[in-house]
Amino acid sequence: MQLSVVIPVYNEQESLPLLRTRLLPVVQACTDDYEIIFVNDGSCDGSLNLLKNWAAENKQIKVISLSRRFGKESATLAGLSASTGQAVVLLDADLQDPPELITTLWEKFNQGFDNVYGIRKDRTADSFLKRMTAGAFYKLYNRLADTPIPYNAGDFRLLSRRAVAALLALPERERFSKGLFSWVGYKNTAVPFTREKRAAGKTKWSYWKLWNFALGGLTASTTLPLKLCTYFGLCVSVVSFLFAFWTAYKKIVFGNPVSGYASIMVAILFFSGVQLITLGVIGEYLSRIFTEVKQRPAYFIDEKINL
Ligand code: UDP
Ligand code: MG
């Protein structure tokens with residue numbers, strides 16, 4: 001198999017027909033030896049029926065239907081494990097990633113790159129808030145994590161077989177793909193593209209989900225917040241020690257001047273705050289450790305078609 005295209009699908013019945021008309025000619029122009037793997041992530045609209053009909057017509061269209069909604073990361077993982085192509089393209093079903101760009105990704109792959117990722121050169125299709133928060137996240141992430149992720153790169157990319165094998169060898173359950181793609185390394189290159197508006201429907205990501213996704217990504221890629229807590233605690237302790245020393249000195253030299261209510265309150269509130277934040281940081285890591293040690297599979301498959 002030359003080329004696999006993996007597409008996670010959650011309630012995309014409006015976009016899917018358009019996706020098919022745009023995707024098939026592009027893929028067929030690259031090679032005849034292709035497969036398109038749709039991973040149905042527990043859709044509750046007509047997506048699965050549509051996919052089943054296509055799979056019945058064209059054996060190169062394959063469907064994996066998960067037992068419920070597991071999220072995009074797990075759906076992508078399911079598709080990657082089932083893929084057999086020498087190159088695997090990850091594509092969104094909503095046409096925000098233009099399928100026509102696969103031609104360029106394919107060319108780059110043939111030049112020997114393992115990880116050819118799309119860079120959004122223009123994010124005006126996203127809301128102002130989304131752009132701002134995404135920008136801040138990339139900056140923070142790249143400052144903290146061991147391996148930086150390219151600015152404005154999404155999941156839209158082509159991976160070589162060995163890059164896919166490397167990704168599948170990573171055992172974690174809560175997967176932050178963007179971080180993993182760059183963590184595995186290999187030869188990578190960027191292809192700029194303009195991210196379009198969704199063909200139909202709405203995004204499945206609320207800000208709350210995005211926030212948790214960002215936290216998950218950070219805690220998965222760096223332990224620096226834990227270290228920062230240690231050093232911050234150390235600084236605070238040194239200052240406190242000096243202050244305690246000064247208070248004792250004052251008491252010995254000037255007798256027993258009663259310090260004000262304000263200073264005591266400030267000290268109590270400040271230190272409780274520091275302690276709670278530190279506990280929170282530890283808790284974030286702990287909850288992730290908990291999820292990982294349970295060792296639950298990332299997804300269950302309900303049905304496979306043409307696979
Ligand atoms: N998706 C999925 N499971 C989910 C959420 C999304 O498989 O729980 C799919 C969705 O069908 C689409 C892709 O992941 O093909 C990207 O989703 P979306 O467009 O909502 O994300 P955004 O483009 O806003 O980041
Ligand atoms: Mg989208």
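Just above, that's the structure.
Residues numbered from 1 in each chain as written. Chains lettered and ligands numbered in written order. Predicted model: local features only at pLDDT ≥ 70, side-chain atom pairs only at ≥ 80, totals over all residues. Heavy atoms only, no water.

Undergrad: In this structure, what is going on with the pattern of salt bridges? I would like to understand it.
TA: Pairs may arise between side chains of opposite charge once their charged atoms sit close together. A full pass over the atoms with the stated rule returns 10 salt bridges. K72 serves as the salt-bridge partner of D155, at 3.2 Å between the closest nitrogen and oxygen. Residue D155 is found in strand 6 (residues 153–160), and its partner K72 is found in helix 3 (residues 72–82); the two are separated by 83 residues along the sequence. On the basis of relative accessibility, which here comes to 16%, the residue D155 falls in the buried class. The closest approach of N and O atoms between D114 and R162, which form a salt bridge, is 2.8 Å. Separated by 48 residues along the polypeptide, D114 in the loop between helix 4 (102–110) and strand 5 (115–122) and R162 in helix 6 (residues 161–169) bring together distant segments of the chain. For D114, a relative accessible area of 5% gives the class buried. Residue classification places R162 among the partly exposed residues on the basis of a relative accessible area of 43%. Overlapping salt bridges bring together K72, D92 and D155 as one network. (Salt bridge = Lys/Arg side-chain N within 4 Å of Asp/Glu carboxyl O. Helix = DSSP H or I, 4+ residues; strand = E, 2+ residues; numbered from the N terminus. Buried < 20%, exposed > 50% of the residue type's maximum accessible area, 1.4 Å probe, protein only.)

Undergrad: Honestly, the side chain of S47 in this entry has me stumped. Any pointers?
TA: As for its position among the elements, S47 is in helix 2 (residues 47–57). According to the relative accessible area criterion, S47 is buried, its value standing at 0%. Polar contacts involving the side chain of S47 include one to the main-chain amide nitrogen of Q13, which spans 3.3 Å. With residues near it in sequence (within four places) discarded, S47 still touches V9, N11, E12, Q13 and L16. (Polar contact = N/O pair within 3.5 Å; in protein donor to acceptor, adjacent residues only side chain to side chain. Contact = heavy atoms within 4.5 Å.)

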